[in-house]
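Each chain, letter by letter, is given below.
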Amino acid sequence: MPRPPSPSIPEKEFVYGALKQSLRIDGRAMLEMRTPTLTFGPELGWVECSLGKTRVLAQVDGKMVKPPPERPLEGLISIHSELSSMAANEFEPGRASDQEVTITRMLDKVLRRSDAVDKESLCVLAGQRVWHIRLTLHVLADAGNMLDCACLAGIVALKHFRRPEVEVVGDEITVHHPSERAPVPLSLHHTPYCLTFAFFPDSHAGTPPVLDPAHLEETLAAGLLSVALNAQRELCVVQKAGGVPLPPATVMDIVDVAVQRARELDALVERALREDWAGRDVEVR
């Protein structure tokens, strides 16, 4: 796998010097994130999310399968992410990079293990048939902070998706086409959002953390802290993979900022979903 080129010494000095003065190379404030742009496809569950020039495509589909014997009353949820050379030159198709593994594990914690989707509502016939919901994420372009963009695309795709209506009579299961009966949205317990903060080396003391780091900021950061939570102040995941040590007071300040940003994201997502649904024609014969 080819290594990405390291930032030059003038680039490092310029970025560190600007951050010390609470300035960022793209003109944002230190705790300001890029405004997400959500684009919905013709099919329900198809969403493209953009954070600046970082773009992730999320797609949800579902099929009925036999549940595992140890959990006969719960549906299945699987998450797959793909980083190809389309996103950046250092990614190779068919070989999972460390970054891809980290993103996939974090998405699994945020979207699946936090019980965002009600798995029991996916049961059709106990022990016989359940829905298997598959979320696939394709990173189209990496301009920094792929994790937050992928998490946002994933949760919006799950909220946007509709599964076919199912009728059960005895042991007989009938799956109705969307033209016969209106499809049913997934039952969600809550809507988690992921927010990533970048911290910089001790040698540059006094440099405040930045929210939603751009690619160069992410490369030069001495540590990343990712916080996943919902608009109701319920903390789902806190991940810090190495880097500079942080005092508890700093972590609590970061969580307070993340709560405000999660509420703003929640309002933006709900508004985008309402606008998309208002423009769709769902015909039921």
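Before any of the text, the structure's been laid out above.
Now for a quick tour of the structure. Counting restarts for each chain, with residues numbered from 1 along the sequence as it is written. In view of the model being predicted, local features appear only for residues whose pLDDT reaches at least 70, and side-chain atom pairs are presented and counted only at 80 or more, with totals across whole chains, interfaces and linings using the full set of residues. Side-chain metrics in this entry use all non-hydrogen atoms of the structure; hydrogen atoms and water are not considered.

**Topic: the overall build of the protein chain**
Put simply, the rule reads: A run of H or I in DSSP counts as a helix once it spans at least four residues, and a run of E counts as a strand once it spans at least two, with each numbered from the N terminus. Computation of the radius of gyration draws on C-alpha atoms, with the globule rule given as 2.2 Å multiplied by the number of residues to the power 0.38. Whether a residue is buried, partly exposed or exposed follows from its accessible area with a 1.4 Å probe, protein chains only, as a fraction of its type maximum: under 20%, in between, or over 50%, in that order. Throughout, a contact is declared for two residues whenever any of their heavy atoms are within 4.5 Å. Residue-level accessible areas treat just the shown protein chains as cover; the underlying method is Shrake-Rupley with a 1.4 Å probe.
Scanning the protein chain from N- to C-terminus turns up 5 helices and 14 strands. For 285 residues, the compact-globule estimate of 2.2 N^0.38 gives 19 Å, and the C-alpha radius of gyration of the protein chain, at 21 Å, lies within 12% of that figure. With respect to the principal axes defined by its C-alpha atoms, the protein chain has extents near 70 × 40 × 35 Å. The 285 residues of the protein chain split such that 49% are buried. Across the protein chain, the fraction of contacts at a sequence separation of at least 24, relative to all contacts at a separation of at least 6, is 73%. Surface accessibility of the protein chain: about 14300 Å² in total, with carbon and sulfur atoms responsible for 51%.

**Some details on the environment of F197**
By the secondary structure assignment, F197 is in strand β11 (residues 193–199). On a C-alpha basis, the gap between F197 and V238 in space is 11 Å, while along the polypeptide they are 41 residues apart. For F197, the residues in contact, after removing those within four places along its chain, are L31, V210, L211, G223, L224, L225, I254, V257 and A258.

**Considerations on unusual backbone geometry**
Phi angles above zero are rare outside glycine, and D212 is one such case at about 55°. Position of D212 relative to the elements: it lies in the loop between β12 (210–211) and α4 (215–220).

**Examining the pairing of strand β3 (residues 54–65)**
Selection criterion: Criterion used throughout: strands pair if DSSP finds at least two bridges between them.
Here strand β2 (residues 46–51) pairs with β3 via 6 bridges, running antiparallel. The partner of E48 across the bridge, within β3, is L57. Counted between consecutive antiparallel strands, the loop separating β2 from β3 contains 2 residues, among which G52 sits at a positive phi close to 65°. Here 11 bridges tie β3 to strand β6 (residues 129–141), and the two strands are oriented antiparallel to one another. If you follow A58 over to β6, its bridge partner there is L137.

**Regarding the pairing of β2**
With 5 of its 6 residues buried, β2 lies for the most part within the structure. In this structure, the hairpin formed by strand β1 (residues 36–40) and β2 is closed by a connection of 5 residues, where G45 is found at a positive phi of approximately 100°.

**Quick look at the environment of F200**
Mapping F200 onto the fold places it in the loop between β11 and β12. In this structure F200 comes out as buried when scored by relative accessible area, which is 6%. As a C-alpha pair, F200 and L220 span 20 residues in sequence and 7.4 Å in three-dimensional space. If we skip the residues at most four places from it in the chain, F200 touches Y16, L19, T207, P208, V210, E217, L220, A221, A222 and V244.

**Looking at the sheet that holds β12**
Condition: Working convention: axes come from line fits to C-alpha atoms, limited for helices to the stretch in contact. Angles between N-to-C directions cover 0 to 180 degrees.
With antiparallel pairing, 4 strands are arranged side by side in an open sheet as β12-β11-β13-β14. Two strands close off the open sheet at either side, each with one partner strand: β12 and β14 (235–240). By the bridge criterion, 2 bridges tie β11 to β12 in an arrangement that is antiparallel. Considered in β12, the bridge of F197 is made with L211. Against the sheet, helix α3 (residues 146–160) makes contact with β11 and β13 (223–229), and its axis sits at roughly 175° relative to β11, the strand it touches most. Running at roughly 140° to β11, helix α5 (residues 248–278) makes contact with β11, β12 and β13 of the sheet.

**Digging into the packing of aromatic side chains**
The test is simple: Between the rings of Phe, Tyr and Trp (Trp by its six-membered ring), a pair exists once the centres lie within 6.5 Å; its type follows the angle of the planes, with under 30 degrees stacked, over 60 edge-to-face, and the other angles tilted. Whether a charge lies above a ring is judged from NZ of Lys or CZ of Arg, which has to be within 6 Å of the ring centre and within 35 degrees of the ring normal.
Evaluated as defined, the whole model comprises 1 aromatic pair. Both rings, one in Y16 and one in F200, keep their centres 6.2 Å apart while their planes meet at 80°; by these two values the pair is edge-to-face. Pair noted here: Y16 is in helix α1 (residues 9–20) and F200 is in the loop between β11 and β12, with a separation of 184 residues, a long-range link. Relative accessible area serves as the criterion here: at 12%, Y16 is assigned to the buried category. The lysine or arginine in question, R162, covers the ring of W277, its NZ or CZ lying 4.7 Å from the ring centre.

**Some points on the packing of α3 against α5**
Put simply, the test is: In what follows, roughly perpendicular refers to angles from 65 to 115 degrees, roughly parallel to angles under 35, roughly antiparallel to angles over 145, and oblique to any angle outside these ranges. For a crossing to be left-handed, the near helix must be turned anticlockwise from the far one by less than a right angle; the clockwise case is right-handed. Gly falls in the polar group here, along with every residue not listed as nonpolar (Ala, Val, Leu, Ile, Met, Phe, Trp, Tyr, Cys, Pro) or charged (Asp, Glu, Lys, Arg).
Remark: α3 packs on α5, axes separated minimally by 11 Å, with the N-to-C direction vectors making an angle of 40°. By the angle class used here, α3 and α5 are oblique. When you trace α3 past α5, the crossing you get is right-handed. Counting all contacts with α3, which are made through L152, V156, K159 and H160, the residues of α5 involved are L265, V269, E270, L273 and D276. Class assignment of the residues belonging to the contact of α3 with α5 gives a composition of 5 nonpolar, 1 polar and 3 charged.

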